Amino acid sequence: MNENRTSSPSRPTWLAGVLSLALGIGGCGPSATPSDDADGRKALQTALDAWKEGETPDALANRTPSIHVSDGDWKSGLRLQSYQPEGEGKLIGSDLNYTVVLELKSPKGKASKKTAVYAVTTHPQLLVLRQDD
């Protein structure tokens, strides 16, 4: 019976690998550098301005410095008409969370307003991730 267990990683080894990977990529580890508010605000503004101008998230990834963005509304083809940040960024772990009111328009012209929360990471790379998708 033990022969079957040796053919796949043990649960503790597998779990440790997954946790290490998640902590390393997400920047949540105890040694992670807290994100910088000025850099985070600038990255979010750059991303939202690019969306408003009709650019794609991939275009931002190709800039220098690159900004990796994930937003379901943007990806699905909604157009950003305007946005308004609300309040200050809040440091959560090593990321900054920003609340933004978005005014969107569908490809068919239907307008909508949403409040979105973006998690922004500035170290080791710039990431802008919509939290409420």
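Keep in mind the model is a prediction, meaning the values are calculated, not measured.

Novice: Could you give an account of the overall build of the chain, naming the residues involved and the relevant values?
Specialist: Tallying secondary structure elements over the chain gives 5 helices and 5 strands in all. When burial is assessed residue by residue, the chain has 29% of its 133 residues classed as buried. If you sum the accessible surface of the chain, you get close to 8,800 Å²; carbon and sulfur atoms cover 54% of it.

Novice: Describe the environment of T56, listing the residues and the values that go with them.
Specialist: Inspection of the secondary structure assignment puts T56 in the loop between helix 3 (37–52) and helix 4 (57–61). Taking the C-alpha atoms as reference points, T56 and W74, separated by 18 residues in sequence, lie 7.9 Å from one another.

Novice: An account of the environment of K110 is needed here, citing residue identities and associated values.
Specialist: Its location among the elements puts K110 in the loop between strand 3 (95–105) and strand 4 (111–121). On the basis of relative accessible area, K110 is assigned to the exposed category, the value being 64%. Sequence separation of K110 and L78 is 32 residues, and the distance between their C-alpha atoms is 9.6 Å. Residues in contact with K110, not counting those within four places in the same chain, are L104 and K105.

Novice: Can you lay out the nonpolar core for me, pointing to particular residues and giving the numbers?
Specialist: Ranked by size, the top nonpolar core spans 23 residues in total, and within it L44, L48, W51, L102, Y118 and V128 carry the most contacts. When contributions to this core are tallied by element, the ones reaching two or more residues are helix 3, strand 1 (67–70), strand 2 (79–92), strand 3, strand 4 and strand 5 (126–130). Residue contributions to this core peak at 6 residues, all from helix 3. In this structure V128 touches A43, L44, I67, H68, V69, S70, Y118, A119 and V120, once residues within four positions along its chain are discounted.

Novice: Break down the confidence of the model for the chain for me, citing the residues and quoting the values.
Specialist: Looking at the chain, the pLDDT average stands at 83 and 76% of residues meet or exceed 70. Predicted confidence for residues 1–29 stays below pLDDT 50, and this span has 8 contacts to residues more than four positions away or in other chains.

Novice: Please set out unusual backbone geometry residue by residue, giving values where relevant.
Specialist: In the segment running from T64 into P65, the intervening peptide bond is cis, with an omega of -5°. Of note, the amide linkage connecting H123 to P124 takes the cis form, showing an omega dihedral of 0°. Summarising the element assignment, P124 is placed in the loop between strand 4 and strand 5.

Novice: If you had to explain the packing of aromatic side chains to someone new, which residues and values would you point to?
Specialist: Counted according to the given criterion, the structure contains 1 aromatic pair. Plain terms: the ring middles of W51 and W74 are 5.2 Å apart, the flat faces sit at 5° to each other, and that makes the pair stacked. Taken as a pair, W51 in helix 3 and W74 in helix 5 (residues 72–75) lie far apart in primary sequence, 23 residues in all. The burial state of W51 is the same as that of W74; both residues are buried.

Novice: Summarise the side chain of D71; cite the residues concerned and give the values.
Specialist: Here D71 is to be found in the loop between strand 1 and helix 5. Owing to a relative accessible area of 4%, D71 belongs among the buried residues under this scheme. Within polar-contact distance, the side chain of D71 engages the side chain of Y118 at 2.5 Å. Side chain to side chain, D71 and R130 meet in a polar contact 3.0 Å long.

Novice: Describe the pattern of salt bridges, with residues and values.
Specialist: Within the structure shown, the criterion is met by 6 salt bridges. We note a salt bridge from R63 to E55, for which the minimum N-O separation is 2.9 Å. By sharing partners, the salt bridges in this structure join D71, D73, K114 and R130 into a single network.

Cut-off values and rules
Residues numbered from 1 in each chain as written. Predicted model: local features only at pLDDT ≥ 70, side-chain atom pairs only at ≥ 80, totals over all residues. Heavy atoms only, no water. Helix = DSSP H or I, 4+ residues; strand = E, 2+ residues; numbered from the N terminus. Buried < 20%, exposed > 50% of the residue type's maximum accessible area, 1.4 Å probe, protein only. Areas by Shrake-Rupley, 256 points an atom, 1.4 Å probe, with all protein chains shown as cover. Contact = heavy atoms within 4.5 Å. Core = buried A, V, L, I, M, F, W, Y, C linked by side-chain atoms within 4.5 Å. pLDDT = per-residue confidence, 0-100. Phe/Tyr/Trp six-rings, centres within 6.5 Å; stacked < 30°, edge-to-face > 60°. Polar contact = N/O pair within 3.5 Å; in protein donor to acceptor, adjacent residues only side chain to side chain. Salt bridge = Lys/Arg side-chain N within 4 Å of Asp/Glu carboxyl O.

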